[in-house]
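Examining the three-dimensional arrangement
Each chain, written out:
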Amino acid sequence: MNPYRVAVVGSGPAGVYTTDALVRSALDVSVDVYDRLPTPYGLVRYGVAPDHPRIKSIVVALRKVLERDGVRFLGDVHVGRDVTTRELAELYDAVVFATGASVGRRLAVPGEELAGVCSATDFVAWYSGHPDHAHAGESFPLEAESVVVVGAGNVALDVARLLVKSAADLARTDMPPHVLDRLAHSGVRDVHLVCRRGPQHAKFTAKELRELLELHDVGTELDAGLLPAGSQDPLTAANLKVFADLASREVPAGRRTLHFHFWSRPVELLGEGGAVSAVRLERTREAGGAVVATGEVTDLRAGMVLRSVGYHSTPVGALPFDEDLGRVPHDAGRVIGPDGRALDGHYVAGWAKRGPSGVVGTNRACAAGTVAGLVTDLAARPPRGAGPDEVDRVLAGRGVRPVTYDGWLSIDAEEESRGQGLGRARTKIPDWETLRHVAAAHADRPGRGAA
Ligand code: NAP
């Protein structure tokens, strides 16, 4: 009997952990892992900060999954365009959507359309060498001396840290050379992190905050008077300790300075000649557990504003989507259709399922939860008996040539070789054309594992 065949859409951590849970399950199953990009690993490759190689090293574990027998990687296939979600549902016994949350949320304040007001998501994608953002550099006015980053999460901290890091530190990363050059020669002197609540509420994690203590040529400014004496919550207490260390630390002639503005929210972005020039901040305070405005405003000079206030997902083809929640409606990973019932054969995992929260490893348990339900559902019926040829025929008939796993390995090797030529471990290839060209030498085989 042919094995069950499952399509996983998205090869970020959620998609790869889903694949892992499937091939480890009691089902005899083969898995096709689709990605819109020619490269696997999603946010590990294009979201985890380039100066966090330890987190990125998770790819060592992820690649073992893609190299398992019965697993194929089909990169550069846009589900919803090259093949519809309905077609996938007909060609496979089940489809798991692990398409993430790729769009930065907006601030919804006047002035957001001004030039120089950018999404941190786009900035991260650009400095990570994402091929959709290869030419986006021009939209980031890095000649600005003063930059405002809105948000108190780890993404805000990532972009702020990369804006103040020295050229020597940045050169240790895998950033494409043109990105490194622009960041290394930026005019940025002051980065202002604007947090609408207090230090005890910030979503930064202590480990990431502690990295700031190691930046010996970067000053930090924060009002120690705003720090509560302590907290019963160990994670909050750890953050408060780092904030206190940052507040008391002396940096003689800081090249750049990172300023924390707690209890402040942007109410308007002000411009000159169509470009942002300042952020109007209003002081906030807590009342009955809620953040309330005080009416007290100040203007903070800013030549660039990065909003970093969370992400939301985008609809994929005909897959149900909850616009209010910004994710796919589901019950324990089973996608819920418009009639309020589980949509046969459709599942969701990762940020598309639970929203943009948690660290890379959080996706392992999330994927396992989805796969548990999927395995129960499939075990109750025989496999459809379809083979890989059917989907290969559909794609070939449309002129779609998936980037194979070996094609990706070819990109991987080329990036390492380019990096080594520059004295770095790797430099990313940032454009579609070159990625496809380098992969093409291996486009003849759609995957490693037998299907
Ligand atoms: P996040 O952790 O949810 O933080 C979003 C921040 O935006 C919060 O401080 C939130 O404040 C603030 N915010 C929301 N709406 C706002 C508004 N209208 N005006 C002002 N501030 C607003 O999101 P994230 O930073 O995008 O990170 C997403 C996930 O990825 C998190 O789980 C994060 O830990 C993870 N991540 C981890 C790492 C790492 O481990 N190194 C790196 C990057 C990202 P309130 O709290 O007041 O709502």
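Everything discussed here concerns the structure shown above.
Just so it is clear, the structure is predicted and the values come from calculations on it, not from any experiment.

Below, the discussion takes up the overall build of the protein. Looking only at helices and strands, the protein features 16 helices and 18 strands. For 451 residues, the compact-globule estimate of 2.2 N^0.38 gives 22 Å, and the protein sits close to it at 23 Å. The dimensions of the protein, computed from C-alpha atoms along their principal axes, are 70 × 55 × 40 Å. Expressed as a percentage of the 451 residues in the protein, the buried residues total 55%. A separation threshold of at least 6 residues defines the contact pool for the protein, and within that pool the share at least 24 residues apart is 75%. Of the roughly 19500 Å² of accessible surface on the protein, a fraction of 51% belongs to carbon and sulfur atoms. Averaging the coordinates of the 52 positive side-chain charges in the protein and doing the same for the 57 negative ones gives two points 3 Å apart.

Turning to the sheet that holds strand β17 (residues 334-336), a few remarks are in order. With mixed pairing, seven strands are arranged side by side in an open sheet as β3-β2-β1-β4-β18-β17-β16. Strands at the two margins of the open sheet, each flanked by one partner only, are β3 (71-74) and β16 (330-331). In terms of strand pairing, β17 meets strand β18 (residues 342-348) through two bridges, oriented antiparallel. When the bridges of β18 are listed, Ile336 appears paired with Ala342. Running at roughly 170 degrees to strand β2 (residues 29-34), helix α1 (residues 13-24) makes contact with β1 (4-9), β2, β3 and β4 (94-97) of the sheet.

Take the environment of Gly225 next. Along the chain, the position of Gly225 falls in the loop between β9 (218-221) and α11 (234-248). In this structure, the C-alpha to C-alpha distance between Gly225 and Ala244, residues 19 residues apart in sequence, is 9.8 Å.

Let us look at the site of the ligand. Taken together, 21 residues surround the ligand, and among them Ala152, Arg196, Arg197, Glu208 and Gly358 come closest. With respect to the ligand, the backbone of Ala152 contributes an N or O atom lying 3.1 Å from an oxygen atom. The fraction of the free accessible surface of the ligand (920 Å²) that becomes covered by protein chains is 83%. In terms of residue count, helix α7 (residues 154-164) provides more of the shell around the ligand than any other element does, three residues in total. Looking at the shell around the ligand, its residues break down into nine nonpolar, seven polar and five charged.

Across the sheet, which stays open at both edges, the three strands sit in the order β11-β12-β13 with antiparallel pairing between neighbours. Either end of the sheet is taken by a strand with one partner, and the two such strands are β11 (264-272) and β13 (290-301). If you compare each strand with its neighbour and ignore which way they point, the axes differ by 25 degrees on average. The pairing of β11 with strand β12 (residues 275-287) spans eight bridges and is classified as antiparallel. Within β12, the position partnered with Ser264 by the bridge is Arg283.

Taken as a whole, the second largest pocket encloses approximately 820 Å³ of empty space. The wall of the second largest pocket is formed by 32 residues, among which Pro50, His52, Pro53, Lys56 and Asp174 lie closest to the centre. If you list the elements that add at least two residues to the lining of the second largest pocket, you get α2 (42-46), α3 (53-56), α4 (59-66), α10 (206-213) and α15 (405-421). For the lining of the second largest pocket, the residue count by class is 10 nonpolar, three polar and 19 charged.

Between the first and last C-alpha of α15 there are 24 Å, a value that for 17 residues agrees with the 24 Å anticipated at 1.5 Å per step. Restricting attention to buried positions, one finds in α15 the residues Tyr405, Asp406, Gly407, Trp408, Leu409, Ser410, Ile411, Asp412, Glu415 and Gly419. Where the residues of α15 are buried, they touch α2, α4, β3 and α16 (432-440). Once α15 ends, the next one or two residues include Gly423, with phi positive near 75 degrees.

With that settled, consider a positive patch on the surface. Among the surface-exposed residues, Arg105, Arg196, Arg197 and Lys203 lie close enough to one another that they form a single positively charged patch. Following the sequence through the fold, Arg197 ends up in the loop between β8 (190-194) and α10. A relative accessible area of 32% means that Arg197 is categorised as partly exposed.

One non-glycine residue, Ala108, adopts positive backbone phi at about 60 degrees. Topologically, Ala108 is positioned in the loop between β5 (103-104) and β6 (117-119). Here the phi dihedral of Trp263 falls at roughly 50 degrees; this positive angle occurs in a residue that is not glycine.

Moving on to the pairing of β18. Walk down a regular strand and you will see the side chains alternate between the two sheet faces. Where β4 meets β18, three bridges bridge the pair, whose relative direction is parallel. Considered in β18, the bridge of Phe97 is made with Val348. Here β17 folds back onto β18 in antiparallel fashion, the turn holding five residues, of which Gly340 has a positive phi close to 85 degrees.

Take the packing of aromatic side chains next. All chains considered together, the criterion is met by 12 aromatic pairs. Ring-pair connections join several aromatic residues into one group, and the members of that group are Phe123, Trp126, Tyr127 and Phe140.

What counts, and where the lines are drawn
Residues numbered from 1 in each chain as written. Predicted model: local features only at pLDDT ≥ 70, side-chain atom pairs only at ≥ 80, totals over all residues. Heavy atoms only, no water. Helix = DSSP H or I, 4+ residues; strand = E, 2+ residues; numbered from the N terminus. Rg over C-alpha atoms; globule rule 2.2 N^0.38 Å. Buried < 20%, exposed > 50% of the residue type's maximum accessible area, 1.4 Å probe, protein only. Contact = heavy atoms within 4.5 Å. Areas by Shrake-Rupley, 256 points an atom, 1.4 Å probe, with all protein chains shown as cover. Lys, Arg positive; Asp, Glu negative; His and termini not counted. Charge placed at Lys NZ, Arg CZ, Asp CG, Glu CD. Pairing = 2+ DSSP bridges. Axes fitted to C-alpha atoms, helices over the stretch in contact; angles between N-to-C directions. Near = heavy atom within 4 Å. Polar contact = N/O pair within 3.5 Å; in protein donor to acceptor, adjacent residues only side chain to side chain. Nonpolar A, V, L, I, M, F, W, Y, C, P; charged D, E, K, R; others polar. 1 Å grid on protein atoms, 1.4 Å probe; cavity = no way out; pocket = protein on both sides within 12 Å on 5 of 7 lines; lining within 4 Å. Points joined across faces, edges and corners; volume = space filled by probe spheres on them. Expected span 1.5 Å × (residues − 1). Patch = residues over 30% accessible without salt bridge, like charges linked within 9 Å, V, L, I, M, F, W, Y side chains within 5 Å. Salt bridge = Lys/Arg side-chain N within 4 Å of Asp/Glu carboxyl O. Phe/Tyr/Trp six-rings, centres within 6.5 Å; stacked < 30°, edge-to-face > 60°.

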